[in-house]
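Remarks on the overall topology
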Amino acid sequence: MAGLIVCSAGAFAADPIKIGVDGPFTGGSSSMGVSMRDGVRLAAEEINKAGGVLGRQIQLVERDDEAKNERGVQIAQELINKEKVVATVGYINTGVALASQRFFQEAKIPVMNNVATGSIITHQFDKDPENYVFRNSAHDSIQAPMIVEEAVTRRGYKKVAILADSTNYGQLGREDLEKALKAKGITPVAVEKFNIKDVDMTAQLLKAKEAGAEAVLTYGIGPELAQIANGMTKLGWKVPMVGSWTLSMANYIDNAGPGGEGARMPQTFIQEPTTPKRKAFIENYVKTFKPKNNRIDSPVSAAQGYDSIYLLAAAMKQANSTDGPKIKEALEDLKAPVEGVVTTYNKPFSKTDHDAITANIPVFGEVKGGRVVFANPDDLKNAVRVKQQQ
């Protein structure tokens, strides 16, 4: 009997640690979702090869939310109730995150948003005594002022138009852009909306053109952003596009072609081997997943996905537990720095701050030759920055 007890305890100790991975692996957001998922897979494989976490292997439970809020809600409940995950990473779309993460909050299971950027995401449960929502992507309250600074201050455009999609992501981002412009004493000359899957932006672009826009500020995702660039080409009207990080998506770059060149956007990670860690990550990713032209479809998503697993693993090791409240507590007070590919996370979270990325970390990327490169030589020199401590 004693032998049986020892054996069953040993078997229990070896149970895998289940981590949910939720993102759009099909549809217009899939270049972000698949890149994120593949970055997560790389990190989990590396950790497992090195012995796992607490002597246990990480098991990823992957689900395609199709960028649909209702699908995200179903998946959240399935991951919690059926799969018994100890944490979940992912969320590409702000709307899906806001609809889904309340289930994890109620179940006291940490969520690490590694791509979605809506400013409200980590503040959705500010009124609750505990908050289980974390993030390691650059939220829109960081990105919008950067976009405005680039267009207005650095490049001197005073007449700007905003084109944003009709989703939560687009409209919350538009609000952040208008707020950042107002701080500079500027009112946009045109504010236009478009829907996901729209293929003709002529009406919106004509309004911007007739209003005298010198630059177009964007909040949307790749396929529709490409239609903006293509619409400009069709009208014979070319002004700079400066927008959120999604202008780096492969389905923007490829669908816009030459018309997409020159677009600029904030990036936490650019596919350049600027540090040994980044070099190893890029080489491993390209070798494992063989992306077209050796270009990661969404480098930011891949890098942040990768780092999110290392952050969770560090918290579990520190807590010596996979219990949700203990993981959360450890994340809020990580003792040892975590070396990622975006940055080295040194005290990335606290009880009142669940955003790992601060305004000093993102740099500007530019579409050039069908890839995203560093827009400014100085950023290339200072490619990895660490979080500003509050």
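Worth saying up front: this structure is predicted, and the values here are computed from it rather than measured. (Residues numbered from 1 in each chain as written. Predicted model: local features only at pLDDT ≥ 70, side-chain atom pairs only at ≥ 80, totals over all residues. Heavy atoms only, no water.)

1. Details of the side chain of Thr122
Rules: Only DSSP runs of H or I covering at least 4 residues are called helices, and only runs of E covering at least 2 are called strands; the numbering of each starts at the N terminus. Counted as a polar contact is a pair of N or O atoms within 3.5 Å, where, for protein atoms, one must be capable of donating a hydrogen and the other of accepting one, and residues adjacent in sequence contribute only when both atoms are in side chains. What makes two residues a contact is simply this: any of their non-hydrogen atoms within 4.5 Å.
Locating Thr122 in the fold gives a position in the loop between strand S4 (111-113) and strand S5 (133-135). At 3.5 Å, the side chain of Thr122 forms a polar contact with the side chain of Arg135. Apart from the residues within four sequence positions on either side, Thr122 is in contact with Asn131, Val133, Phe134, Arg135, His354 and Asp355.

2. What to know about helix H11 (residues 299-319)
For the record, the criterion: The span expected for a helix works out to 1.5 Å for each residue beyond the first. For every residue, the accessible area (1.4 Å probe, protein chains only) is compared with the maximum for its type, and the residue is labelled buried under 20%, exposed over 50%, or partly exposed between those bounds.
Over its 21 residues, H11 runs 31 Å from end to end, which matches the ideal 30 Å to within 8%, given 1.5 Å per residue. The element H11 is extensively covered by neighbouring structure, given that 18 of its 21 residues are classed as buried. Downstream of H11 by one or two residues, Asn320 has phi in the positive range, about 55°.

3. Let's talk about the UniProt feature "domain: Leucine-binding protein" (unreviewed entry) in the protein chain
Defined as follows: UniProt positions are given in the numbering used here, feature names are shortened, and annotations may be inferred rather than shown by experiment.
With numbering aligned to this structure, UniProt lists the feature "domain: Leucine-binding protein" (unreviewed entry) at residues 16-357. For residues 16-357, the helix share is 44%, the strand share is 15%, and the end-to-end C-alpha distance is 30 Å.

4. Concerning the pairing of strand S8 (residues 215-219)
Going by this rule: One requirement defines pairing of two strands: DSSP has to find at least two bridges between them.
With five of its five residues buried, S8 lies for the most part within the structure. What you see with S8 is no split at all: Ala215, Leu217 and Tyr219 on one side and Val216 and Thr218 on the other are buried throughout. Across five bridges, strand S6 (residues 160-165) lies against S8 in parallel orientation. Residue pairing for S8: Leu163 is matched across the bridge by Thr218.

5. Re the pattern of salt bridges
Counted only if it meets this: Each reported salt bridge corresponds to a side-chain nitrogen of Lys or Arg within 4 Å of a carboxyl oxygen of Asp or Glu.
Tallied over the entire structure, the rule returns 24 salt bridges. Here Arg71 ties to Glu66 by a salt bridge, and the two come within 3.9 Å at their closest N and O atoms. With relative accessibility at 33%, the residue Glu66 sits in the partly exposed group. Here Glu130 makes a salt bridge to Lys328, at a shortest N to O gap of 2.5 Å. Residue Glu130 is found in the loop between S4 and S5, and its partner Lys328 is found in helix H12 (residues 324-331); the two are separated by 198 residues along the sequence. The partly exposed category is assigned to Glu130, whose relative accessible area is 31%. Among the ionic contacts, a cluster of salt bridges with common partners joins Glu150, Arg154, Arg155, Arg264 and Glu366.

6. Quick word on the side chain of Ser35
On the secondary structure map, Ser35 appears in helix H2 (residues 30-49). A distance of 2.7 Å separates the side chain of Ser35 from the backbone oxygen of Ser31, its partner in a polar contact. For Ser35, the residues in contact, after removing those within four places along its chain, are Ser30, Tyr285, Ile296, Asp297, Ser298, Ser301 and Ala302.

7. Quick look at the confidence of the model for the protein chain
Test applied: On a range of 0 to 100, pLDDT expresses the predictor's confidence in each residue.
Summarising the model, the protein chain shows a mean pLDDT of 94, and 94% of its residues fall at 70 or more. Counted against residues more than four places away or in other chains, residues 4-12, with its pLDDT under 50, gives zero contacts.

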